[in-house]
Amino acid sequence: MQIRVVDAAANAGPQVPAHLQRIFIPQLTLSSICTHKFVKGKVIQKCPLVDLDKDNYILKTVIQEHKPQHDVPPGLTDINVIFFGKLAKEFLETVQQEDVVVLTGFTIGRSPTAIKDGLHSCYLQLAGGEAHVYSLSPSVIVTVNPKPKYTYTPLKDLKPGMIVNIYGVVTFFKQPFRTKGTDYCSTLKITDESSVKIGCSVFSEKVEEHPKVFKNGDIIRLHRVKVQFFNGSVNVVTSLGFSVLTFDGSVGTPIVPCTSSRNFHFSEQDKQTVERLRQWATNQALLAAPSTVQLAHVQPSMYFDLTCQLLAKAKMDGSCTLLKVWDGTRCAHPLLNVFVKPEALEGSVNVASGTDLVANVLVYDNHVEVAQELKPGTFLRIYNLHAILQTTSTTPSHLCFHLHGGTSYGRGLRVLPKDSLDLQQLHRTLELVTTSCEEALDDPVDIWSTPPESLSVICPFSPAAVRTCDHTLEQVPLSNVKSCTPPRLFHVRAQVRSFQPRRLYQALKLRCPHCRALFDIPDDEALASVFQKAIRGVRFGSLSWAATGFLDSSETGRKIAIHLPNWDKEELIFLEGATLEEVCCISKNLSNIVPVRSCGESMVPMDLSVPFLFQGKKRHYGSGRTPILGIQPLQYALLMKMELEDESGSLETLLWDDAEKFFQVTAADVAVSQELQNKIQWTMNRLCPPGSTIAERPWLELCIAVYTVEEGGRSTVCYQVLNTESTGPHVTPAQE
């Protein structure tokens, strides 16, 4: 039997041979001598057993260096271990996760997954009769070790590469959001009594495994997180086997761990740590005042957090969901009532005495998935909700509420437990209002005689878009436009039946100014991959036309080269050997960053799929070749498709060449401004309000060009909106 259980407490059973010498995981290299050596670590992951044929098995596990952190040499402490043959099956059946094991008779190989999984660059292989495993169960370790089961590192002592357990006070948080892969991601900022602030990133495929944080000041405990240096500061990110607990940060409230895990360790020492951090945070001025506001105190253009109860919901379209909520207070402004068909509404608003108690919240984009899972009756908190005052020439101003897409300022939704202390005041308010509503039912005439409010719409005689051209053309129906022979120009009066894309960030494109070809803007994941490939095996050389200096990168041993050209006219800085994150960080302080790579004895720009120039938040893309930098700059452009309708029929048109004039923005500014992106979203929601009928939508006075496009030997008739501007008040968000 190649696996032996060691009982150090009872001093019985087979023991680890005394002639073996320990080698720490961070010290392992491909040239390390393995004879008479052993590795000791805790099992933090066991993968499924692979059965190839009879008695031929493969098992992959991950172990973590088992030693107090301050005694371990610097470097990666988690390593892949591959077992072969009967040993693989025996390990699976004998050793449990969290057990401490001693491995001998192993060989070392280069890990092919080191970049992907972030573990040690080597892996251990155990096969044949020389390989042995000595296992210590957790129960054995507890009996012989009087020290606390876990040690916690103060935030001020964190160093890149460490795997640590930490406590902290939350100063900022974002709700879990889906990444471009299979995981959800949560981001937080925390601090402790050392007043050091760090960022935290939690990745997990399951939303329930993410920290359940409800407000700033809550306490969080993280086990097995990896310390990294990113964007000029220390951050921690979850590693294999991580776990998390959260606690209400209010002094005097019961200390109840909040977690989805069934098994966790929580001692009297942990309880004292939570109490100490609560008291410390209360005495600090670093925690911002609560941003939760009742509906009674909401003002137009305000961003706020709302604690409320969900009464009903309805799906408007793929990128918008309507939530009807209340908190028992009456808003000082008339509230917009978004009308939906009764059969489309899940839940009921009958509990409220009138529409002035019910707030209509339109939830967009990445928050729709969470909103659609909510059940009527749920208590929730909506973070960074935007109050927008909608005004028309014929109807009074109405206040509506939008939860915009994205995660800026912690924007999102979170279900609150029914026993949450944050709900005590809300419960009392709702009970009083419900009692008043029941008493009002004795006189139903007052209720039924109240005229229902409908969706606030634009006056049909006040166009929501006007022409800016000087053409003296007669206004014609859309049917005339469709039946004409191009090229022609027309003036029409129509409404927006639908528009694409619904997720308006997809309307932002790159355009070649010469051939007018359009390109999609690459996402950050694709860009990061190109930069990562470019830094592999990079070798810096001397350049006759530039002075070269070096910066430390976020990875130990890797340098970033900065080349400053000798000429005076161009204030360009050439950067070599940097990741996308590092380029973005450097461009915040240094303008005109040009990422480059070595090509033989010379230097060339990066792949044309990445920006050739970074100017702060602005990214410049290119294609083709020109004398300067060898790149043809591309322009940002907006491209949308609108289906128009009037009494004669419908017509699909493009909004492209004059899209900037229509929205009164520039595409280049939209690319870096959440405020302008919100402005475009608001404009389209005004022209085509979610859930409205065509009769309720405003009219637009448009100039339309009819032309043909030749492609592949075929002619296609196209229609494009030109010389037109949207009108009416444009809400300018105070925050991104």
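Note that the structure is a prediction, hence the values are computed from the model and not measured.

**Focus: the overall build of the chain**
Okay, so step 1: Tallying secondary structure elements over the chain gives 13 helices and 42 strands in all.
Okay, so step 2: Burial statistics for the chain: of 736 residues in total, 46% are counted as buried.
Okay, so step 3: Taking contacts inside the chain between residues at least 6 apart in sequence as the whole, the part at least 24 apart equals 64%.
Okay, so step 4: Split by element, the accessible area of the chain, about 36,100 Å² in all, is 53% carbon and sulfur.

**Considerations on the pattern of salt bridges**
Okay, so step 1: Under the counting rule described, the total for this entry stands at 15 salt bridges.
Okay, so step 2: Notably, a salt bridge pairs E346 with K313, separated by 3.9 Å at the nearest N-O pair. Linking E346 in strand β19 (residues 346-347) with K313 in strand β17 (residues 303-317), this pair joins segments that are 33 residues apart in sequence.
Okay, so step 3: Judged by relative accessible area, E346 falls into the partly exposed class, the value being 36%.
Okay, so step 4: Taking the relative accessible area as the measure of exposure, K313 reaches 6% and is therefore buried.

**Structural notes on the confidence of the model for the chain**
Okay, so step 1: When pLDDT is averaged along the chain, the result is 81; 85% of the residues meet or exceed 70.
Okay, so step 2: The low-confidence segment residues 8-14 (pLDDT under 50) makes nine contacts with residues lying over four places distant or belonging to another chain.
Okay, so step 3: Ignoring residues within four places in sequence, the model shows residues 138-146, a span with pLDDT below 50, making 11 contacts including any to other chains.

**A look at the environment of C320**
Okay, so step 1: Relative to the elements of secondary structure, C320 occurs in strand β18 (residues 320-326).
Okay, so step 2: Between the C-alpha atom of C320 and that of V361, which follows or precedes it by 41 residues, the distance is 10.0 Å.
Okay, so step 3: Every residue in contact with C320, bar those within four places of it in the chain, is listed here: K315, L362, V363, Y364, V368 and P690.

**Some words on helix α4 (residues 268-282)**
Okay, so step 1: With 15 residues, α4 ought to run about 21 Å at 1.5 Å a step, and its terminal C-alpha atoms sit 21 Å apart, in line with that.
Okay, so step 2: The complete set of buried residues in α4 reads D270, T273, V274, L277, R278, W280 and A281.

**Some details on the environment of D658**
Okay, so step 1: Relative to the helices and strands, D658 resides in the loop between β39 (649-655) and α11 (659-663).
Okay, so step 2: Not counting chain neighbours up to four residues away, the residues in contact with D658 comprise Q720, V721, L722 and N723.

**Details of the packing of aromatic side chains**
Okay, so step 1: Taken as a whole and assessed by the stated rule, the structure comprises seven aromatic pairs.
Okay, so step 2: Judged by centre distance (6.5 Å) and plane angle (70°), the rings of F531 and F614 are edge-to-face. Highlighted residues: F531 in helix α9 (residues 524-534) and F614 in strand β33 (residues 613-615), separated in sequence by 83 residues. F614 matches F531 in its accessibility class, with the two residues each being buried.
Okay, so step 3: Cation over ring: R414 sits above F214, and NZ or CZ is 5.8 Å from the ring centre.

**Describing helix α1 (residues 86-94)**
Okay, so step 1: When α1 is considered as a whole, its buried residues turn out to be L87, A88, E90 and F91. Taken end-on, α1 shows its buried residues confined to a sector of 165°, consistent with a single buried face. The outward face of α1, more than 90 degrees from its buried face, is lined by the exposed residues K86 and E93.

**Structural notes on the sheet that holds strand β37 (residues 635-638)**
Sheet strands line up and pair through hydrogen bonds in the backbone, either parallel or antiparallel.
Okay, so step 1: Sheet architecture is open: three strands sit in the order β27-β26-β37, paired in antiparallel fashion. Of all the strands in the sheet, the pair left with one neighbour each is β27 (518-520) and β37. With strand direction ignored, the average angle separating the axes of adjacent strands in the sheet is 45°.
Okay, so step 2: Pairing analysis gives four bridges linking strand β26 (residues 508-511) to β37, with the strands arranged antiparallel. Its bridge partner being in β37, L510 is matched across the sheet by Y636.

**A word on the nonpolar core**
Okay, so step 1: Ranked by size, the top nonpolar core spans 55 residues in total, and within it V481 and F663 carry the most contacts.
Okay, so step 2: Counting residues per element, this core draws most heavily on strand β25 (residues 488-500), at five residues.
Okay, so step 3: Setting aside its immediate chain neighbours within four residues, V481 contacts V476, F490, V492, L651, I704, V706 and Y719.
Okay, so step 4: Counting 32 residues, the second largest nonpolar core, distinct from the first, contains F173, V358, F379 and L416.

**Some details on the side chain of K42**
Okay, so step 1: By the secondary structure assignment, K42 is in strand β3 (residues 37-46).
Okay, so step 2: We classify K42 as buried; its relative accessible area is 15%.
Okay, so step 3: Sequence-distant contacts of K42, defined by excluding residues within four places in its chain, comprise V62, I63, Q64, H66, E98, D99, V100 and R224.

**Quick look at empty space enclosed by the protein**
Okay, so step 1: Per the counting criterion, the structure on display carries two cavities of 30 Å³ or more.
Okay, so step 2: Put simply, the second largest cavity is a space of about 40 Å³.
Okay, so step 3: If you trace the second largest cavity, you find it lined by F173, K174, Q175, P176, S186, L188, P211, V213 and R414.
Okay, so step 4: Within the lining of the second largest cavity, the residues separate by chemical class into five nonpolar, two polar and two charged.

**Comments concerning the pairing of β18**
Okay, so step 1: In terms of burial, β18 is a largely internal element, seven of the seven residues being buried.
Okay, so step 2: Burial of β18 is two-sided: the residues C320, L322, K324 and W326 facing one way and the residues T321, L323 and V325 facing the other way are all buried.
Okay, so step 3: Here seven bridges tie β17 to β18, and the two strands are oriented antiparallel to one another. When the bridges of β18 are listed, A312 appears paired with K324.
Okay, so step 4: Hairpin connection, β17 to β18: the antiparallel pair is bridged by two residues.

**Focus on the pairing of strand β40 (residues 700-711)**
Okay, so step 1: Examined bridge by bridge, β25 and β40 share seven bridges and lie antiparallel to one another. Within β40, the position partnered with R493 by the bridge is E701.
Okay, so step 2: Sheet topology note: the β40/strand β41 (residues 714-722) ladder contains nine bridges and is antiparallel. When the sheet's bridge partners are listed, V706 is paired in β41 with Y719.
Okay, so step 3: Connecting β40 to the next strand, β41, in antiparallel fashion are two residues, including G712 with a positive phi near 60°.

**Details of unusual backbone geometry**
Okay, so step 1: For the peptide bond that leads from P486 to P487, omega is 0°, which places it in the cis range.
Okay, so step 2: In this structure, P487 sits in the loop between α8 (478-482) and β25.
Okay, so step 3: Here the residue pair Q500 and P501 is connected by a cis peptide bond, since its omega of 0° sits within 30 degrees of zero.
Okay, so step 4: Its location among the elements puts P501 in the loop between β25 and β26.
Okay, so step 5: With a phi angle near 60°, H36 is a residue other than glycine that sits in the positive phi range.
Okay, so step 6: Note on placement: H36 falls in the loop between β2 (21-22) and β3.
Okay, so step 7: Non-glycine residue N384 carries a positive phi angle of around 60°.
Okay, so step 8: Locating N384 in the fold gives a position in strand β21 (residues 379-390).
Okay, so step 9: Taking relative accessible area as the criterion, N384 reaches 5% and is therefore assigned buried.

Reading guide: rules and limits
- Residues numbered from 1 in each chain as written.
- Predicted model: local features only at pLDDT ≥ 70, side-chain atom pairs only at ≥ 80, totals over all residues.
- Heavy atoms only, no water.
- Helix = DSSP H or I, 4+ residues; strand = E, 2+ residues; numbered from the N terminus.
- Buried < 20%, exposed > 50% of the residue type's maximum accessible area, 1.4 Å probe, protein only.
- Contact = heavy atoms within 4.5 Å.
- Areas by Shrake-Rupley, 256 points an atom, 1.4 Å probe, with all protein chains shown as cover.
- Salt bridge = Lys/Arg side-chain N within 4 Å of Asp/Glu carboxyl O.
- pLDDT = per-residue confidence, 0-100.
- Expected span 1.5 Å × (residues − 1).
- Phe/Tyr/Trp six-rings, centres within 6.5 Å; stacked < 30°, edge-to-face > 60°.
- Lys NZ or Arg CZ within 6 Å of the ring centre and 35° of its normal.
- Arc of directions from axis to C-beta.
- Pairing = 2+ DSSP bridges.
- Axes fitted to C-alpha atoms, helices over the stretch in contact; angles between N-to-C directions.
- Core = buried A, V, L, I, M, F, W, Y, C linked by side-chain atoms within 4.5 Å.
- 1 Å grid on protein atoms, 1.4 Å probe; cavity = no way out; pocket = protein on both sides within 12 Å on 5 of 7 lines; lining within 4 Å.
- Points joined across faces, edges and corners; volume = space filled by probe spheres on them.
- Nonpolar A, V, L, I, M, F, W, Y, C, P; charged D, E, K, R; others polar.

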